[in-house]
Structure formats: structure tokens, C-alpha cells
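What follows is each chain in one-letter form.
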There are 2 protein chains.
Amino acid sequence: MADKDNAPMVASLQPSETGDQPPTGFGSPLQELRYLILAVQREGNRWLSEMLRAADLTPAQAEVISILADREPLTLSGLGKLLICETGSPSRLVNSLVQKGFVAQDNHQTDRRAKLFYLTPNGKATLALIHKTEEEIDGFLSALLSDQEIKYTRSSLYKLLGGTAIEQAMLRRFGYIQND
Amino acid sequence: MADKDNAPMVASLQPSETGDQPPTGFGSPLQELRYLILAVQREGNRWLSEMLRAADLTPAQAEVISILADREPLTLSGLGKLLICETGSPSRLVNSLVQKGFVAQDNHQTDRRAKLFYLTPNGKATLALIHKTEEEIDGFLSALLSDQEIKYTRSSLYKLLGGTAIEQAMLRRFGYIQND
DNA sequence: ACAACATCCATGACATGTCATATATTATCA
DNA sequence: TGATAATATATGACATGTCATGGATGTTGT
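Calculation notes
- Residues numbered from 1 in each chain as written.
- Chains lettered and ligands numbered in written order.
- Predicted model: local features only at pLDDT ≥ 70, side-chain atom pairs only at ≥ 80, totals over all residues.
- Heavy atoms only, no water.
- Helix = DSSP H or I, 4+ residues; strand = E, 2+ residues; numbered from the N terminus.
- Buried < 20%, exposed > 50% of the residue type's maximum accessible area, 1.4 Å probe, protein only.
- Contact = heavy atoms within 4.5 Å.
- Axes fitted to C-alpha atoms, helices over the stretch in contact; angles between N-to-C directions.
- Parallel < 35°, antiparallel > 145°, perpendicular 65-115°, else oblique.
- Left-handed = near helix turned anticlockwise from the far one by under 90°.
- Nonpolar A, V, L, I, M, F, W, Y, C, P; charged D, E, K, R; others polar.
- Salt bridge = Lys/Arg side-chain N within 4 Å of Asp/Glu carboxyl O.
- Phe/Tyr/Trp six-rings, centres within 6.5 Å; stacked < 30°, edge-to-face > 60°.
- Lys NZ or Arg CZ within 6 Å of the ring centre and 35° of its normal.
- Arc of directions from axis to C-beta.

Draft legend 1. Just the overall build of chain A, in detail. Within chain A, the regular secondary structure consists of 7 helices and 2 strands. Sequence-ordered secondary structure for chain A, helices as α and strands as β, is α-α-α-α-β-β-α-α-α. Classification of the 180 residues of chain A by burial places 49% in the buried group. The long-range fraction of contacts in chain A, counting pairs at least 24 apart against all pairs at least 6 apart in sequence, stands at 52%.

Draft legend 2. Structural detail: the side chain of E63(A). When you line up the elements, E63(A) lands in helix α2 (residues 59-71). Judged by its relative accessible area of 6%, E63(A) falls in the buried class. Excluding residues within four positions of it along the chain, E63(A) makes contact with L82(A), L83(A), I84(A), R173(A) and Y35(B).

Draft legend 3. Quick look at the packing of α2(A) against helix α5 (residues 121-144) of chain A. Residue and element names in this part refer to chain A. Relative to each other, α2 and α5 sit at 110 degrees, their axes nearing to 10 Å. Here α2 is positioned roughly perpendicular relative to α5, judged by the angle of their axes. Note on packing geometry: the crossing formed by α2 with α5 is left-handed. Residue-level inspection shows A62, I65, S66 and A69 of α2 in contact with α5, the latter providing G123, T126, L127, I130 and E134. Of the residues that constitute the contact of α2 with α5, the class distribution is 5 nonpolar, 3 polar and 1 charged.

Draft legend 4. Fine view of the pattern of salt bridges. Tallied over the full model, the rule gives 14 salt bridges over all chains. In this structure, the salt-bridge partner of R34(B) is E134(A), at a minimum N-O distance of 3.8 Å. You can see R34(B) sitting in helix α1 (residues 29-52) and its partner E134(A) sitting in helix α5, one on each of two chains. Just as R34(B) is buried, E134(A) falls in that class too. Taken together, the shared-partner salt bridges connect R34(A), E134(B) and D138(B) into one network.

Draft legend 5. Main features of the environment of Y118(B). All names here are of chain B. By the secondary structure assignment, Y118 is in strand β2 (residues 115-119). C-alpha separation for the pair Y118 and L74, spaced 44 residues apart in sequence, amounts to 6.9 Å. If near-sequence neighbours (up to four positions away) are discounted, Y118 is found in contact with L68, E72, F102, V103, A104, Q105 and D106.

Draft legend 6. Structural context of unusual backbone geometry. Residue and element names in this part refer to chain A. Cis rather than trans, the peptide bond between E72 and P73 has omega equal to -5 degrees. Within the element layout of this structure, P73 appears in the loop between α2 and α3 (76-82). Its identity as a non-glycine residue notwithstanding, D56 has a phi of 60 degrees, on the positive side. Its location among the elements puts D56 in the loop between α1 (29-52) and α2.

Draft legend 7. Spotlight on the packing of aromatic side chains. Evaluation of the coordinates by the stated rule reveals 3 aromatic pairs over all chains. On the numbers, 4.2 Å between centres and 35 degrees between planes, the contact of Y152(A) with Y152(B) is tilted. With Y152(A) in helix α6 (residues 147-161) and Y152(B) in helix α6 (residues 147-161), this residue pair bridges two chains. Ring plane angle 50 degrees and centroid distance 5.4 Å describe the contact between W47(B) and F140(B), whose orientation is recorded as tilted. Taken as a pair, W47(B) in helix α1 and F140(B) in helix α5 (residues 121-144) lie far apart in primary sequence, 93 residues in all. Since its relative accessible area comes to 22%, W47(B) is described here as partly exposed. The cationic tip of R34(A) hangs over the ring face of Y35(A); the distance from NZ or CZ to the ring centre is 5.9 Å.

Draft legend 8. Structural view of the packing of α1(A) against α1(B). Relative orientation of the contacting elements α1(A) and α1(B) amounts to 125 degrees, with a least axis distance of 9 Å. Comparing their axes, α1(B) and α1(A) come out oblique. For α1(A) against α1(B), the interelement crossing comes out left-handed. Where α1(A) abuts α1(B), its residues I37(A), L38(A), V40(A) and Q41(A) lie against I37(B), L38(B), V40(B) and Q41(B). By residue class, the composition of the contact of α1(A) with α1(B) is 6 nonpolar, 2 polar and no charged.

Draft legend 9. Structural context of the side chain of Q41(B). Tracing the chain through its elements places Q41(B) in helix α1. Discounting chain neighbours no more than four positions away, the residues touching Q41(B) are I37(A), L38(A) and Q41(A).

Draft legend 10. Helix α4 (residues 91-99) of chain A, seen in detail. All names here are of chain A. For α4, every residue scored as buried is listed here: L93, V94, S96 and L97. In a view along the axis of α4, the buried residues occupy a sector of 150 degrees, so they form one face of it. In α4, the exposed positions angled more than 90 degrees off the buried face are occupied by R92 and Q99. Contacts from the buried residues of α4 go to α2, α3, β1 (103-107) and β2 (115-119). G101 sits one or two positions beyond α4 and adopts a positive phi of about 85 degrees.

So, in C-alpha cells, the structure goes:
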């Protein structure tokens, strides 16, 4: 995992390939915060990817299965409103799950544009691994942060989302908005 | 930006397409934290994309230009160690900048495998917009969070990165590691 | 009923994170 | 020195976030 930064560099490269002069104009604390958010997100995604590989699932696919488990059946647009990505219509994502046999679809009763997606038994079977994976990750996290830090960080991040569209998905997912 | 959630739903869909029953098994606060980090990252990236579009740059490309501005010349691997993405070798990313005329390359003096990348005058000219964009975003952020919240959140996020490889890039970028 | 608009979905394009692999070069060590 | 390992880079594959487009269907207002 960790690279070999501790190994002594053989002094052959001039200039050094990482520009090891102290950077001239440091980022502001805010810039650092932005990159921290990026870094934590990437790292977490890699953890998740690795753990979900056993189920042949990506993090995005696992998110869909989790959502469906709670609220199936859902249309594509209903699902899209719950996905944090809010990626318009998640056709490709859901189709990958249909192809893998985790999700199936029915026609909508009254709207011929829409389809309703739900978990197959196979899809439901993956829930165990998904939940186990999430618990494992949450175990890591709670070992690293105190309850108060978690609470405080959640609060700060919510403030950063204030007034944005993506906030709506968070609220729908986590219960602050019960209905549409 | 915001969608039409406030418009009354015409009661024709049965079941509702966003599964508007209260979700059964709420996520834990930790799950919510994970999705918050994802959501904030996505939203920030969209802001950045939008603002950088005027310069025909993506956020990733702008990050490369910023890094080069501080530490050019850099090899690909040196750059990779500073990028938060730590995406192995960022060939594609840098090549997109070479094609756009923002970055040029020289041969490395002693290592024939390596190339040294640096900003062209054109690349340096984009720095103004990039910095203005970052200041604008940081202005948003500091309007939303107090100094103490920023500090506290930074601290918590650093803890989440503890011991991971990606942390090394953060440290190199933000000065806690001066050398390789 | 008709027109205008909104919504649902599919699809293609682009960038890029991630991983695996291949090649060239360099470093290390017996 | 010669073999082995490490490193630098390029490239292809895959998934997916993001945006734009287009066709089908629904809704609304007249």
C-alpha cells in the first residue's frame, strides 16, 4: 500500500522529480479542506471497491441495491433522486445490475414511459455482503473518529451542501424529507 | 438548479416513484457521513467544472496546472505523487494538457525513461483564472463555515486519511513533508 | 381535442479514476 | 558483469460522472 518514500533517494535526479522544494504558495486552509474531502472520498471508494469485489459489485452498484432494498419498486427517475450522484437518469448503472441478474424490471401500471425496478432473489442475496461491508467500513471510521467528531463533521458538511440540488438526495435518503 | 419537489404531485402513480414511505432501516450516522463526503465532493466538483469551463479546463487539469506552477519541472511520476488522485501514471491527463498547449515536455537529463513537464506561457496564463476560481469557491466555503468549523473538519478528515497512501499526497502538497 | 410544455428514458460523447499489462530503462546485488 | 528487481511511462479496459440530444409519453391550459 504505502510507497517507498522512506527509502533514501539516490541522488541522481536533478531536479528532483517531485519538486521537493518547499512549495512557494501554500494552499489556504480552505483549499486544503477541499482536497481533503476529495482525498477521503477517493480513499473510501477504494476501500469499498476492494471489499465489494467479492460480490462483483462496484460501489455505485451497491448503492443502487441498497436503495432498492429499502424502497423497491422504483422507477429510474425515482432512483435517480435518491442516488447521491443525481446523474440524471442512471440507465447504464441499473442496466449493469439487470445484466448481472441482481435487478429486474416491470412495466409501470399507469405510465408507459416508466419502468419499475426491483431486486431479484439474487440481488437480495447480495445485501448480506453489502451490509457486512458497510459495517466493516463504519467500524474503521468509528475507530478513527469520536462520536462528537462524527457529529460535528456531519454538521459542517451539511452546511457545505446548503441550498444545493444534491442536498435533496441526502435529505430524501436520510429521512429529513419523507415525501416528494 | 433545484428540482420541482415543491410542486404537488399529481396522485396518479401507485406506488410512488421515489418510494416515499419512510425508509425502514435508516443509515447509521456513519453511513450518512460517508454519503455526505461523497455529496460534498460531487457538488464541489460541479462548481469547479462550471467555473473552469471558460478556460476549457476540467478540475483535474486545473489541479495539474496548479501543481506545475508551484513545482515545475516535474516528471509524470513526480506529478502523480502530488496529485490527490494518485492515479498511477497520469499520462492521459497530462497529455490532454499538452494537446491543449498548456504544458510542454523536455527530456530528463539523466533518466531516459522520464520526461519533464512544465507550463507553457499559455499554461501560465490560465493560472489567473484558476486562482480566481479557487478564491471564489473558497469565498463560498468561508461564508458557510466558521474558522473553527473549518479547522475541526480538517482535523477530522485528516484522521480519516490516517495511514493511507493517499495521505502522502496531501502531506506533500500541503507542506508537512518537504522532501521525498 | 389541440398545442405547448414537462417528464421518462435511452444513448452517445467525453474525461477520468482504477486496474492490469507491456516495454524501456535504471538500479541492485550476487 | 549478468541476472533480477524496481521504476517510468504508455496503453487498453471498464465503470461512471457529467452533459447533450432525441424520441416517447403525460400533463396542462385553452
